[in-house]
Every structure is written in structure tokens, then in C-alpha cells.
Amino acid sequence: SGGSCGSTLGTIVVIIVVLVIISIVNKNKGGGSGGSGGGSTYDGVTSDKVAPPTITGDPFAEIKTADPNFNAQMFYGRVNEMFIAIQYAWMNRNMEPVRRFLSDQQFSILDNSIKTDYLAKGQVNKLDNVHITQMWPVEVTKMGEYDSVKMLIEATCIDYTIDERTGQLVNP
């Protein structure tokens, strides 16, 4: 269904705060087993205790003014598709196909983590049953002719790492 989203979503740039991946990156960089509490922070967002942003009114009001055909439900559906695509790119150890969904900083952090934490060690990070539990628009801005929507996403998954040669579980 390539054209089902219409032109509205084609003109919106979405930067996704990928809490699941950021949590994984920070867990691996810390070298711990991940259960130590305290949380990891990325762009001021603590990944293990997500609180909805305090946006008053309709966060999409400016977009709707410029484009009365904007549909928030279709937008959230597209964000869900993008988020899942990012998770699959992470598992495939190649962020290039989803680069357009990430800020330069996010792409760099994730790409470097894949190279140093997984490719170099011959490991694959698996994420099963990925499910978004909640999502919120954090910031909506105009960037020239494009609208930019920064989303905060809370998600759950089963996260484990395997050795690519043996298929053995490296960590649960």
C-alpha cells in the first residue's frame, strides 16, 4: 500500500527517540547485565522510566492548519512502521536502510555500537515480540517546507544476543 498515506506524511520528517535501542546501546557500553536500575539517559529522556511530555493543546495544530487533510491516526501508524523497521535494521546489524528515520547523532551512535559491540564480536542482538506500548509527540517544529515531529516511544521486547557462528545464546 505504497501511496495510502497520501502527501501529508511524505512532507513530515519524523525523528524517533528509540528508547529500546538506546537502552541496549547503553547497557552494552556499561558492560553490565542491564538490571542495575538508575536508567540510561538520551536527549534528556530516561529510558527505564518514561513519562509523557507535558504538551498542552493539540501538538499537531500547526500541521493541521497548513494541511487540513493531516490524519493523526495515519501518522501514528507510520511512526509504528518506522519504529519496527529500525528494530529490524538493528537486528540485521545495518542501520543504513533506516538512516532517514534517525538524527545524525542517533544514526552514528547505533551504527558504531553495531560495529563495535556486535559485528566485531560475531554476535547478533535479537529483539522478539517488539511492541509499542505508548508514544507521544515531544516536539513539533517547522523546518522550511517540512514539519518535524520528535516522538517519545515506550516499547517492550524480548532482548537477547546470540553468537552468529554457533547460534548459542550469549546473554539473555
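Above this text you will find the structure in question.
Figured I'd write up the structure that's included with this text.

**A word on the overall build of the protein**
In step 1: A tally of regular secondary structure across the protein gives five helices and six strands.
In step 2: Reading the protein from its N end, one meets helices and strands in the order α-β-α-β-β-α-α-α-β-β-β.
In step 3: When the 172 residues of the protein are sorted by exposure, 37% land in the buried category.
In step 4: Taking the intrachain contacts of the protein between residues at least 6 apart in sequence as the baseline, contacts between residues at least 24 apart amount to 66%.

**Regarding the nonpolar core**
In step 1: Of all hydrophobic cores here, the largest spans 14 residues; its most connected members are Ile-86, Trp-90, Met-95, Val-98, Phe-101, Leu-102 and Leu-110.
In step 2: Breaking this core down by element, the ones donating at least two residues are helix H4 (72-91) and helix H5 (104-119).
In step 3: Among the elements that line this core, the one with the most residues is H4, at five residues.
In step 4: Judged by nonpolar contacts, the second largest core, of eleven residues, contains Ile-63, Phe-75, Val-79 and Ile-132.

**Focus: H4**
In step 1: In a regular helix each residue adds 1.5 Å, so 20 residues correspond to 28 Å; H4 covers 29 Å between its end C-alpha atoms and thus fits that length.
In step 2: Buried residues of H4: Phe-75, Val-79, Met-82, Phe-83, Ile-86, Gln-87, Ala-89, Trp-90 and Met-91, and no others.
In step 3: Immediately downstream of H4, the backbone of Arg-93 shows phi near 60°, a positive value.

**Regarding unusual backbone geometry**
In step 1: Backbone geometry at Arg-93 places phi at a positive 60°, although glycine is not the residue there.
In step 2: Mapped onto the elements, Arg-93 comes out in the loop between H4 and H5.
In step 3: A positive phi angle, close to 55°, is found at Asn-129, a residue other than glycine.
In step 4: With respect to the secondary-structure elements, Asn-129 resides in strand S4 (residues 123-143).

**Description of the pattern of salt bridges**
In step 1: The full count for this structure, using the stated rule, is six salt bridges.
In step 2: Taking the shortest distance from any N to any O, the salt bridge between Glu-164 and Arg-93 comes out at 2.8 Å. Here Glu-164, found in the loop between strand S5 (146-163) and strand S6 (169-171), pairs with Arg-93, found in the loop between H4 and H5; they are 71 residues apart in sequence, far enough to count as distant.
In step 3: Residue Arg-93 is classed as buried on the basis of its relative accessible area, which comes to 17%.
In step 4: Notably, a salt bridge pairs Glu-164 with Arg-165, separated by 3.7 Å at the nearest N-O pair.

**Some words on the pairing of S5**
In step 1: Two elements, S4 and S5, share 17 bridges in a ladder whose sense is antiparallel. Considered in S5, the bridge of Thr-141 is made with Ser-148.
In step 2: Taken together, S4 and the strand that follows it, S5, pair antiparallel across an intervening segment of two residues, in which Gly-144 is found at a positive phi of about 65°.
In step 3: As defined by bridge partners, S5 adjoins S6 across two bridges and the pair is classed as antiparallel. When the bridges of S6 are listed, Thr-161 appears paired with Asn-171.
In step 4: Between S5 and S6, which follow one another and run antiparallel, lie five residues, and Gly-167 among them has a positive phi close to 80°.

**Considerations on the packing of aromatic side chains**
Geometry of an aromatic ring pair is reported as the spacing of the ring centres plus the angle between the planes.
In step 1: Counted under the stated rule, the structure contains six aromatic pairs.
In step 2: On the basis of an interplanar angle of 45° and a centroid distance of 5.9 Å, the ring pair of Phe-70 and Phe-75 is categorised as tilted.
In step 3: The exposure class of Phe-70 is buried, given its relative accessible area of 7%.
In step 4: Overall, Phe-75 belongs to the buried group, its relative accessible area being 1%.

Parameters and conventions
Here the residue numbers are simple positions, counted from 1 along each chain's written sequence. pLDDT decides what is reported in this predicted model: residues at 70 or higher carry local features, side-chain atom pairs at 80 or more are listed and counted, and totals for whole chains, interfaces and linings draw on all residues regardless. Hydrogen atoms and water are omitted, and side-chain values are computed over all heavy atoms in the structure. Put simply, DSSP H or I for four residues or longer makes a helix, DSSP E for two residues or longer makes a strand, and each gets a number counted from the N terminus. Burial classes follow relative accessibility: with a 1.4 Å probe on protein chains only, a residue under 20% of its type's maximum area counts as buried, one over 50% as exposed, and anything between as partly exposed. In what follows, residue pairs with any heavy atoms lying within 4.5 Å of each other are defined as contacts. What makes a nonpolar core is a set of buried Ala, Val, Leu, Ile, Met, Phe, Trp, Tyr and Cys residues whose side-chain atoms join them at distances within 4.5 Å. Here a helix's expected span is defined as the number of its residues, less one, multiplied by 1.5 Å. Salt-bridge detection follows one rule: a side-chain nitrogen of Lys or Arg within 4 Å of a carboxyl oxygen of Asp or Glu. Paired strands, as defined in this entry, are two strands with at least two bridges between them according to DSSP. Ring pairs shown here join Phe, Tyr and Trp side chains whose ring centres sit within 6.5 Å, with only the six-membered ring taken for Trp; geometry is labelled stacked below 30 degrees between planes, edge-to-face above 60, and tilted in between.

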